[in-house]
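Structure assessment
Here is what each chain is made of, one letter per residue.
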Protein chains: 8
Amino acid sequence: MDTKTVQALLNDFKEGRLSMEKALQLLKNLPFEDLEFAKVDHHRGFRGTIPEVIYARSKRKEEVVAIARAMYEKCRRFLITRATEDIYQELGMKEAKYYPASGMIACGERQRKKGSVLVISAGTSDIPVAEEAEVAASFLGSSTGRLYDVGVAGIHRLFSRREALQKARVIIVVAGMEGALPSVVGGLTDRPVVAVPTSVGYGTSLGGLTALFSMLNSCVPGMAVVNIDNGFGAGCLAHKINMMGSR
Amino acid sequence: MDTKTVQALLNDFKEGRLSMEKALQLLKNLPFEDLEFAKVDHHRGFRGTIPEVIYARSKRKEEVVAIARAMYEKCRRFLITRATEDIYQELGMKEAKYYPASGMIACGERQRKKGSVLVISAGTSDIPVAEEAEVAASFLGSSTGRLYDVGVAGIHRLFSRREALQKARVIIVVAGMEGALPSVVGGLTDRPVVAVPTSVGYGTSLGGLTALFSMLNSCVPGMAVVNIDNGFGAGCLAHKINMMGSR
Amino acid sequence: MDTKTVQALLNDFKEGRLSMEKALQLLKNLPFEDLEFAKVDHHRGFRGTIPEVIYARSKRKEEVVAIARAMYEKCRRFLITRATEDIYQELGMKEAKYYPASGMIACGERQRKKGSVLVISAGTSDIPVAEEAEVAASFLGSSTGRLYDVGVAGIHRLFSRREALQKARVIIVVAGMEGALPSVVGGLTDRPVVAVPTSVGYGTSLGGLTALFSMLNSCVPGMAVVNIDNGFGAGCLAHKINMMGSR
Amino acid sequence: MDTKTVQALLNDFKEGRLSMEKALQLLKNLPFEDLEFAKVDHHRGFRGTIPEVIYARSKRKEEVVAIARAMYEKCRRFLITRATEDIYQELGMKEAKYYPASGMIACGERQRKKGSVLVISAGTSDIPVAEEAEVAASFLGSSTGRLYDVGVAGIHRLFSRREALQKARVIIVVAGMEGALPSVVGGLTDRPVVAVPTSVGYGTSLGGLTALFSMLNSCVPGMAVVNIDNGFGAGCLAHKINMMGSR
Amino acid sequence: MDTKTVQALLNDFKEGRLSMEKALQLLKNLPFEDLEFAKVDHHRGFRGTIPEVIYARSKRKEEVVAIARAMYEKCRRFLITRATEDIYQELGMKEAKYYPASGMIACGERQRKKGSVLVISAGTSDIPVAEEAEVAASFLGSSTGRLYDVGVAGIHRLFSRREALQKARVIIVVAGMEGALPSVVGGLTDRPVVAVPTSVGYGTSLGGLTALFSMLNSCVPGMAVVNIDNGFGAGCLAHKINMMGSR
Amino acid sequence: MDTKTVQALLNDFKEGRLSMEKALQLLKNLPFEDLEFAKVDHHRGFRGTIPEVIYARSKRKEEVVAIARAMYEKCRRFLITRATEDIYQELGMKEAKYYPASGMIACGERQRKKGSVLVISAGTSDIPVAEEAEVAASFLGSSTGRLYDVGVAGIHRLFSRREALQKARVIIVVAGMEGALPSVVGGLTDRPVVAVPTSVGYGTSLGGLTALFSMLNSCVPGMAVVNIDNGFGAGCLAHKINMMGSR
Amino acid sequence: MDTKTVQALLNDFKEGRLSMEKALQLLKNLPFEDLEFAKVDHHRGFRGTIPEVIYARSKRKEEVVAIARAMYEKCRRFLITRATEDIYQELGMKEAKYYPASGMIACGERQRKKGSVLVISAGTSDIPVAEEAEVAASFLGSSTGRLYDVGVAGIHRLFSRREALQKARVIIVVAGMEGALPSVVGGLTDRPVVAVPTSVGYGTSLGGLTALFSMLNSCVPGMAVVNIDNGFGAGCLAHKINMMGSR
Amino acid sequence: MDTKTVQALLNDFKEGRLSMEKALQLLKNLPFEDLEFAKVDHHRGFRGTIPEVIYARSKRKEEVVAIARAMYEKCRRFLITRATEDIYQELGMKEAKYYPASGMIACGERQRKKGSVLVISAGTSDIPVAEEAEVAASFLGSSTGRLYDVGVAGIHRLFSRREALQKARVIIVVAGMEGALPSVVGGLTDRPVVAVPTSVGYGTSLGGLTALFSMLNSCVPGMAVVNIDNGFGAGCLAHKINMMGSR
């Protein structure tokens, strides 16, 4: 029920086509989303970026392709996460780009990117998650950069790139094993840091719990942490923060 | 070793008072912080807000008071976290304000606050952590608001205040037990949400781990999570994000 | 040993064919189930619905089919849980219906269903467990309804269906990840809520433990929780509660 | 905003005291609870029993007493959970009854109790939680009974009381340590069973987690489980189910 | 170095062929096992039963067969645990018997079994572990019996067989899921009970940890617990205890 | 209902004072414990040793003393576990003996002890649990010995006492921290070993879980494990096993 | 930027080709690794041994072979860890040696080994990890020895080899299951002991956590522990310590 | 039985005062520690440093003082760990020095210290554990240095002291919370690093488990880890390694 419907209802009541009792009843029974149009409208502005994202993992190839095509019809763009090359072949759209490390398929990248999100990863095994974060932030409209394989075992590599750190508005730091890199980066910058633990490691890495807990306990105050291997979530969060600087 | 020292060194070498060998050796052995002055200078700008924070828990009353007074001498302001009323009495400064729920003592609040950080808490037992977050963000320079006791068991209380949600730049959501509130809030807004799990609860709340894991697994993408009961960290993070909107 | 056997024993003793000593000994050694016939008889009334359920997972295809056919011979109905389409093909009974999402095969649905059990699920990945719950409750004799994909990230979808909530006698809420949905539903209704955590999620979802603990810690008092992914158990429990309203 | 307010609004619009634009805006900004009166009204019927419950643990003695007295003024009854005798003395109301094992204070018990909730406990150490469950169910309006100290180590004690089991509508089973009792009871009855794990035990009882997990894994299908030591929650749930049989 | 060697050494010293210094040095450097012959001899008596057991899991088929044949050459008997039918085929010995449920191959069963070990299992899924326990105890020389599928959900099945319980010297109880059966059995007998948790179950069964912790927390004092799925260990322990009654 | 009651019932029926219908009904409703007299009688023989044990921890001093005195009246002996010296003073019975390390009070030790239970402990901090095990076994009628402070860090102390090991029928090994001692002892003897983990240790000892898991994973097959700090349970189990050798 | 670059910079400045301002700026912006050459040079001495190690697991066969060949070109030696025989075949270098148990490929072993590292393993299943440790230490330049299958269940085997223990400079002890062997070895020697837990075991071995925690809680002070299955890390650490004795 | 006793035994046998049979029997029954004198003698050299260490925590004040005095009588030196100032007062020996942060009392420090052990700590709360490590290593004979409060949040403080790092033979790194510091230090040096996790932190620091797991998962190969808060163990291990460089 949009504004027009409520308007009509009010007019019907004013002009006597609707009794008070009936008007009240209709208003009481309005579905939530209809009445709450201010919020829903506003919401849609944001939601507009999210429905275009398709999580491929638990869907069949044909389903994913069908949803992607429908999305393309409607708004000329979509982002598929946790996809396989198979899906990309089936899709057969040259406008779409496939990212093999993270298994993402992006279509309809915006021309104008804003601000600056820097994605740092500790080891080569963390790259899939880092790429997922970067592609997500980029698809949502953030300008992005990357700095890979700068783990704490060879920390001079990080220091030699400190100009890159200073240029970013938001920094995503992806690390598995001991998860120490976000703390080191956080100690070198005053930008918001989004820490992403990965499930890289074995034994007491506990599938990423150690890196996660390590990041939550960082001695650097004010670090944002997301779930294990959640590159997509980190990209969304970094984009939201990055956009704050553009308003 | 500041710029002048390096300048002098270069001049000494140019004018032959220093051999090539000696000049190289001196440069090699420069302490890190001296050479890295650009970064350190820049860094200090940020660090300037953090050294004024004193963590009282593991210190004796006299220590805390002495540090606070020294801080006051130097920069006319300080923030003490996890303090007791005892410390406040001993301090005896009427410029300082004591927050009994969170045990914070703030002195030298800035006149001009910027932006808007909204702190929402689920239950009355979560208030100490919520207050810690709010006082921290406020002390650092953010304008803050609060919305307490709006847990998911009575979710209409939250909906009736949705205008407050829409006015905030960043929202901190504090919740213990099942930690569901940040997901609900995150579904109603497109602002960055900082979720703070608390140790409130018993049995399977596992000292806050359940709320923490719940928040990390939120079906709402892009939520920032901090450590259990870490109101201070949430306040710092929210302030950093809030300031992005003011640059 | 049924009633007749005890009767015969008593008669044998009365008429001197059995000594006191022998009669006592026979009574002492009566198998439990024989003597306890009142309870067993009563019990059977209930058990009558349960033996017809066949758990397929740890059995070979031929075994399952054989048990199902024998069951069909005896009482014209059966329910197979955790089955595959393979088993359904092998079975080759058109009276039976296969539910692919949950892997259930139901045969001999009762004509008259009673009361009303509403099954709500948070995400599309939770549907297999939700379907298991619904089919189980329906097979046992409850009238059922469903409300899928109404997770807390888009909570207005739930509110727009609140009439459905008010019509149900018992509500089953199925959710993985952060497990917040049962708390939200529980805050909107006074019906008994059966919460079913699922293993949907990754990282700190810990195979469903986070959703489980979240539900056990709900700030809404009086919610029933079952084991992770235990749709069948939830269906049984909801049916038992639903039947209370029909007596 | 109650029905009258909406009625007034509609009249104001009809009679031209309110423009279409203004009327629309007012309707859009109606607080949730006001518009949703149907639900809220219905809800209040249930909520009416819950606000009378005061959780004493995290409140000061004077606070608890003040809330209880205010409650008494308003509706002549209240229930205080996790209280101490101290609070009872301070309260000084002879209409109120103190239950020392569970630390509950009940005032204004209803005359007519309905249905039948049986509370069974395994060991003497489980009695505080069992009593909390029983007093809660009783206060809410259920007729209750108790069967204490019938743990599985002496299971014949349970069997000798099987008539009591058969008379109950709902059975609450409270057990710590290995948490086996609910499974045994559940195998002897077809009534809904609410299982309450307690933190009684040491070593691998893990503060009640072992009993909880044990209950969630019961080989008896359809058992409702609540949080560790959550007697109050079990009482609420059992009461809701019990009431189903009275409608 | 056996007794003769020490004897020779002493004689050499006595007759001057060995200096005091040299004799002392030789004694100092005696390998432990040589000197400790009393213990070793005695030990061998026990060890004699254990080396005949071959753990197949981490060995290749050919290895297992070769070891089994060598063992057969030496002592006419062997027991292979965690074997496959493949190994049994490869072995090609008709003196050997294959147990498909537990994957054991036994050869050279002793004619005379002693005492009585009763193996009880809760569900049909626990049978592989139960069979492993029974075959192990039997191979080591204990007379064994079995009582399968008598879980607590249908506890009358256990009671109807209580004579079997009373005849056993030692009782092994195998159970997964909630692990309640050993407590119930332990409450019905004064024989030593060996409880074996299995990894049967899902969700909060935590791979058998719940059953294990449940058994360790039994309210029945004096129950012996072994590792999850450790049927072999339970069989060894029960045999040792059973043999105590035969000395 | 004892044998006489059933006898009377049978006679009443035989002589016509009881109809068939009434006799059947009475038999059906016999309380379990009455019918099951064979088992109960036999059971009582064992139970006779257990009711004399009083667990003091969760009882008030006066309660413990009253129960102990009543017990003394009835059977001249009792055992109090987890007691304090306070209770011993209050009891004021010089026939009773107080064991301060374990907090046990034993009264009415049997003159003739049988068999031999050896209690070994790893460190001095494990002595309270070791003493609890020894006093329990001794009170129940086993002859006991002790070998304290022979941890694996100085394993030669254990070897120098290997004669003691060989004389025991059953060996209880008590160890905290890494829990390695039972494995070493188990490798040196063919007697049944009862392993008792203690909560001694810090950090990764996890309150005794590490010692417990270590013992359950022993490479020595056939070791019995009990709960953390459960000296009493170990004593009961060792006594049961020890008695097997005396029948 | 190496020494020559800095030298050139200084000369340029001295001879006026570079202004003071420009020289300062260049020095400020020197990448960390260039300026820090002293450390880097020194570091390289150590790093020289580590870059030659290739972790094969997360790389494709062709990648591993290409890296190994490039490494061979550069320094005539390399070590591949977690490789398969497939990789070895593909590599086709007869200078390289393949270790099937641990999956290592070593090429260019140094002629002169130093000191002495003894690798002890508890069971045959621990050999892959033990071999990884030994090959790593050997490749890095340590002389190594091995002592396999000397677990605590047959501890006399260890004692009979105590001369080997006394000859080693460093001892690596590899054990799964209960992880008791390092404690026993540590009690027999004053050499540094490096304890390596393995994931060998089942049930409560918890994938090696039990062995790890056991080792960290050893009653022998001063034992070094590494991650579960981390044979390579243990080899590196033992080599570093061993080399201390050679300086 | 020392060398003399064996010598006497041999002489008695040589001179006929002892029969062959009797001599053999005596040798067989020699307590382990007596025969194994070579090992024990050698061992004592090491043990000589350890018996002088008294763990005060689980002992009464008088006990600790008595043991310390006896120790002083015998060898003029002792080290008390986990002591209180109370004990120091009671001891009243001015030769002894009290370290309040770690609660150690050292007496009889050796004049000549060897090598160099550097103790680094991350935060001020880690100092008690760091001091325990340093005092232990120093007491055992190592020359020690300290570098406190150089956590990763301000990593330039560490870099400015890299000469100290390069001078040390062994480095102990003490850190709580995220435990990242050892990885950073390990990346800057090729010396053996002993990592000590502390229980400093809250929430997901899990009492030090997170720091421990973080250290075990370090991306720097070859780091030695000890138990949580185990400064004493770290000191012993570092001393052993340090001594390797002095042989």
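Residues numbered from 1 in each chain as written. Chains lettered and ligands numbered in written order. Predicted model: local features only at pLDDT ≥ 70, side-chain atom pairs only at ≥ 80, totals over all residues. Heavy atoms only, no water.

Points about the overall build of chain A
Convention followed: Every helix listed is a DSSP run of H or I at least four residues long, and every strand listed is a run of E at least two residues long, numbered separately from the N terminus. For every residue, the accessible area (1.4 Å probe, protein chains only) is compared with the maximum for its type, and the residue is labelled buried under 20%, exposed over 50%, or partly exposed between those bounds. Only heavy atoms enter the contact rule, under which two residues are in contact if any of them lie within 4.5 Å.
Scanning chain A from terminus to terminus reveals 12 helices and nine strands. A total of 247 residues make up chain A; the buried ones form 60% of that total. Here the analysis covers contacts within chain A between residues at least 6 apart in sequence; of these, 63% occur between residues at least 24 apart.

Concerning the domain arrangement of chain A
Residues and elements named next belong to chain A. Which entries qualify depends on this criterion: Domain start and stop positions are those given by an automatic or database domain assignment. Buried area is calculated as the accessible area (1.4 Å probe) missing from two parts once they are joined, with the contributions of both summed. Salt bridge, as used here: a side-chain nitrogen of Lys or Arg that lies within 4 Å of a carboxyl oxygen of Asp or Glu. Distance and chemistry together define a polar contact, namely a pair of N or O atoms within 3.5 Å, with one atom able to donate a hydrogen and the other to accept it when in protein, and with adjacent residues in sequence counting only for side-chain atoms on both sides. The classification used treats Ala, Val, Leu, Ile, Met, Phe, Trp, Tyr, Cys and Pro as nonpolar, Asp, Glu, Lys and Arg as charged, and all other residues, Gly among them, as polar.
On domain assignment, one finds that chain A holds domain 1 (3–7 + 17–107) and domain 2 (114–244). Taken together, the contact between domain 1 and domain 2 spans 16 residues of the former and 11 residues of the latter. Counting the surface lost from both domain 1 and domain 2, the interface buries some 1200 Å², and carbon and sulfur atoms represent 71% of this. Viewed at the interface, domain 2 and domain 1 are joined by one salt bridge. Two residues, R82 and E132, come together in a salt bridge whose shortest N-O distance is 2.8 Å. Across the contact surface, domain 1 and domain 2 share four residue pairs in polar contact (both at pLDDT 80 or more). Listing elements by their share of the side of domain 1 that touches domain 2, those giving two or more residues are β2 (78–81) and β4 (104–107). Partitioning the side of domain 1 that touches domain 2 into residue classes produces 10 nonpolar, three polar and three charged.

Some remarks on the environment of D:A101
All names here are of chain D. By the element assignment, A101 lies in the loop between β3 (96–99) and β4 (104–107). With 103 residues separating them in the primary sequence, A101 and T204 have C-alpha atoms 25 Å apart. If we ignore the near neighbours within four places in the chain, the residues touching A101 are I127, P128 and E131.

With respect to the interface of chain B and chain C
Many structure descriptions define interface size as the accessible area lost when the parts assemble. Counting from both sides, the interface comprises 23 residues of chain B and, opposite them, 23 residues of chain C. Both sides together, the interface formed by chain B and chain C hides about 2000 Å², and carbon and sulfur atoms give 67% of it. Among the secondary structure elements, those contributing two or more residues to the side of chain B that touches chain C are α10 (181–186) and α11 (209–216) of chain B. Per element, the largest residue contribution to the side of chain B that touches chain C is four residues, and it comes from α11(B). Tallied by class, the residues present in the side of chain B that touches chain C amount to 14 nonpolar, eight polar and one charged.

Section: the side chain of E:S183
Residue placement: E:S183 occurs in helix α10 (residues 181–186). Setting aside chain neighbours within four positions, we find E:S183 in contact with D:V152, D:E178, E:S218, E:V220 and E:M223.

Thoughts on the relation of the copies chain B and chain C
Note the threshold: Copies overlap after least-squares fitting; the atoms used are the C-alpha atoms of residues with pLDDT of at least 70 in both.
Between the two copies, chain B and chain C, the superposition gives an RMSD of 0.4 Å; the rotation angle is 179° and the shift along the axis is 0.1 Å. In short, the pair behaves as if placed about a two-fold rotation axis. Considering only C-alpha atoms, the residue of chain B closest to the rotation axis is B:A180, which sits at 2.5 Å. Looking at chain B, 100% of its interface residues are interface residues in chain C too, so the copies touch through the same face.

Re the sheet that holds strand β2 (residues 78–81) of chain G
All names here are of chain G. Test applied: Strand pairing is defined by DSSP finding a minimum of two bridges between the two strands. Structural elements are reduced to axes, namely lines fitted to C-alpha atoms, with helices fitted over the stretch in contact, and the angle between N-to-C directions of any two is expressed from 0 to 180 degrees.
Spatially, the four strands line up as an open sheet ordered β1-β2-β4-β3, and their pairing is mixed. The open sheet has two edge strands with one neighbour each: β1 (53–55) and β3 (96–99). Between one strand and the next, the sheet's axes are offset by a mean angle of 15°, whatever the strand orientation. Bridge count between β2 and strand β4 (residues 104–107): three bridges; the pairing is antiparallel. Paired with I80 across the two strands is I105, which belongs to β4. Taken strand by strand, helix α5 (residues 61–75) contacts β1, β2 and β4, and its axis lies near 160° from that of β2.

Observations concerning the sheet that holds β2(A)
Two strands in a sheet stick together by hydrogen bonds in their backbones, pointing the same way (parallel) or opposite ways (antiparallel). All names here are of chain A. Read across the sheet, four strands follow the order β1-β2-β4-β3 without closing on themselves; strand pairing throughout is mixed. One side of each edge strand has no neighbouring strand; the edge strands of this open sheet are β1 (53–55) and β3 (96–99). On average, adjacent strands in this sheet sit at an angle of 15° to one another, irrespective of strand direction. The pairing of β1 with β2 spans three bridges and is parallel.

Structural notes on the pattern of salt bridges
When the charged atoms of two side chains lie near each other, side chains of opposite charge can form a pair. On inspection of all chains with the given rule, the structure shows 79 salt bridges over all chains. Of the charged contacts in the structure, one is a salt bridge between F:R17 and F:E15, with a shortest N-O distance of 2.8 Å. The class of F:R17 is exposed, set by a relative accessible area of 54%. Three or more residues are tied together by salt bridges with common partners; here these are A:D12, A:E15 and A:R17.

Details of unusual backbone geometry
All names here are of chain C. For R76, which is not glycine, the phi dihedral falls at a positive 65°. One can find R76 in the loop between α5 (61–75) and β2 (78–81). For R76, a relative accessible area of 47% gives the class partly exposed.

Re the packing of aromatic side chains
Note the threshold: For Phe, Tyr and Trp, where Trp contributes only its six-membered ring, two rings pair if their centres lie within 6.5 Å, and the inter-plane angle classes them as stacked under 30 degrees, edge-to-face over 60, or tilted in between. Working rule: Lys NZ or Arg CZ, within 6 Å of ring centre, within 35 degrees of ring normal, means a charge sits over the ring.
Summed over the entire model, instances satisfying the criterion amount to 20 aromatic pairs over all chains. Ring centres of E:Y88 and E:Y98 lie 5.4 Å apart, and the angle between their planes is 20°; on these two criteria the pair is classed as stacked. Of this pair, E:Y88 sits in helix α6 (residues 85–91) while E:Y98 sits in strand β3 (residues 96–99), and the two are 10 residues apart along the sequence. On the accessibility criterion, E:Y98 (16% relative accessible area) is buried. When the ring centre of C:Y202 is taken as origin, the NZ or CZ atom of A:R82, which lies over that ring, is 5.6 Å away.

Considerations on the side chain of D:S121
Residues and elements named next belong to chain D. Within the secondary structure layout, S121 lies in strand β5 (residues 114–121). Looking at S121, the relative accessible area reads 0%, which means it is buried. Among residues more than four places away in sequence, those in contact with S121 are D126, I127, A130, L147, Y148, D149, V150, V174 and L181.

Focus: helix α12 (residues 231–244) of chain F
Filter applied, for reference: A helix is expected to reach a length of 1.5 Å times the quantity of its residues less one.
Counted at 1.5 Å a residue, the expected span for α12(F) with its 14 residues is 20 Å, and the 20 Å between its end C-alpha atoms agrees. A large share of α12(F) lies buried, amounting to 14 of its 14 residues.

Observations concerning the pairing of β3(D)
All names here are of chain D. Direction of pairing for β3 relative to β4: antiparallel, over a ladder of four bridges. From the neighbouring strand, Y98 faces β4, where its bridge partner is I105. Here β3 folds back onto β4, and the loop between the two strands holds four residues, one of which, G103, carries a positive phi near 65°.

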